[in-house]
Amino acid sequence: MQIFGGQQRASVRALREPWRQLGATVPRTEDVLDSAQRKGQTPPRAGTDETRTFFHDAGSQACAKQLIKAAEAVQDGLPRWADPVPLPPSLRPTPGVIEVWVAPSANPSQNAAR
């Protein structure tokens, strides 16, 4: 799961248990703004105000839909969830992995790392 600022960490933490109950393995959350800063790179741009879920194949698509449904039940201040979409060809797929990119807050000051 990728977030755009440390303030989102508590909100996405609330998703871990519901997703685990579905059988998902939930790895650590990456703050892409912090990662880019530490590497001296330009931070990625979200490109949308919706949380995006990317899948690799038809089986993963069904799982992605279940993850979104569980997340929407929790929600806890996260941006709206878009329908799941195939992983862009520019990203290297890992079978069985679903990418979740939580959109940054509409208020940029809330995206600052804590």
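The following paragraphs examine the structure supplied in this document. Note that the coordinates shown come from a computational prediction; the quantities given were computed from them, not determined experimentally. (Residues numbered from 1 in each chain as written. Predicted model: local features only at pLDDT ≥ 70, side-chain atom pairs only at ≥ 80, totals over all residues. Heavy atoms only, no water.)

**So, the overall build of the chain**
Part 1 of the argument: Across its full length, the chain holds 3 helices and 5 strands.
Part 2 of the argument: Listing every helix and strand of the chain by position from the N terminus yields β-α-β-α-β-α-β-β.
Part 3 of the argument: The C-alpha atoms of the chain give a radius of gyration of 14 Å, which matches the 13 Å a tight globule of 114 residues would have.
Part 4 of the argument: For the chain, the spread of C-alpha atoms along the three principal axes comes to 35 × 30 × 20 Å.
Part 5 of the argument: Counting over 114 residues, the chain shows a buried share of 38%.
Part 6 of the argument: When contacts within the chain are restricted to residue pairs at least 6 apart in sequence, long-range pairs at least 24 apart make up 76% of them.
Part 7 of the argument: Between the averaged position of the 14 positive side-chain charges in the chain and that of its 11 negative side-chain charges there is a distance of 4 Å. (Helix = DSSP H or I, 4+ residues; strand = E, 2+ residues; numbered from the N terminus. Rg over C-alpha atoms; globule rule 2.2 N^0.38 Å. Buried < 20%, exposed > 50% of the residue type's maximum accessible area, 1.4 Å probe, protein only. Contact = heavy atoms within 4.5 Å. Lys, Arg positive; Asp, Glu negative; His and termini not counted. Charge placed at Lys NZ, Arg CZ, Asp CG, Glu CD.)

**Details of helix α2 (residues 32-39)**
Part 1 of the argument: What α2 keeps buried is the set Val32, Ser35 and Ala36. All buried residues of α2 project into a common sector of 95 degrees when viewed along the axis, lining one side. Exposed and facing more than 90 degrees away from the buried side of α2 are Gln37 and Arg38.
Part 2 of the argument: Buried residues along α2 sit against β1 (2-3), β2 (30-31) and β5 (99-101).
Part 3 of the argument: Downstream of α2 by one or two residues, Gly40 has phi in the positive range, about 70 degrees. (Arc of directions from axis to C-beta.)

**Quick look at the packing of aromatic side chains**
Part 1 of the argument: Summed over the entire model, instances satisfying the criterion amount to 2 aromatic pairs.
Part 2 of the argument: Ring geometry for Phe4 and Trp101: centres 6.0 Å apart, planes at 50 degrees, overall tilted. You can see Phe4 sitting in the loop between β1 and α1 (9-21) and its partner Trp101 sitting in strand β5, a full 97 residues away along the chain.
Part 3 of the argument: The partly exposed category is assigned to Trp101, whose relative accessible area is 22%.
Part 4 of the argument: Taking 6.2 Å as the distance between ring centres and 80 degrees as the angle between the ring planes, the aromatic pair formed by Trp19 and Trp81 counts as edge-to-face. One end of the pair, Trp19, is in helix α1; the other, Trp81, is in the loop between α3 (58-74) and β4 (85-86), and 62 residues separate them in sequence. (Phe/Tyr/Trp six-rings, centres within 6.5 Å; stacked < 30°, edge-to-face > 60°.)

**Overview of the environment of Pro44**
Part 1 of the argument: Structurally, the position occupied by Pro44 is in the loop between α2 and β3 (52-55).
Part 2 of the argument: Here Pro44 falls in the partly exposed class, since its relative accessible area comes to 33%.
Part 3 of the argument: As for Pro44 and Glu72, which are separated by 28 residues in sequence, their C-alpha atoms are 25 Å apart.
Part 4 of the argument: The contacts of Pro44, once residues within four sequence positions are left out, are Phe4, Val32, Leu33 and Ala36.

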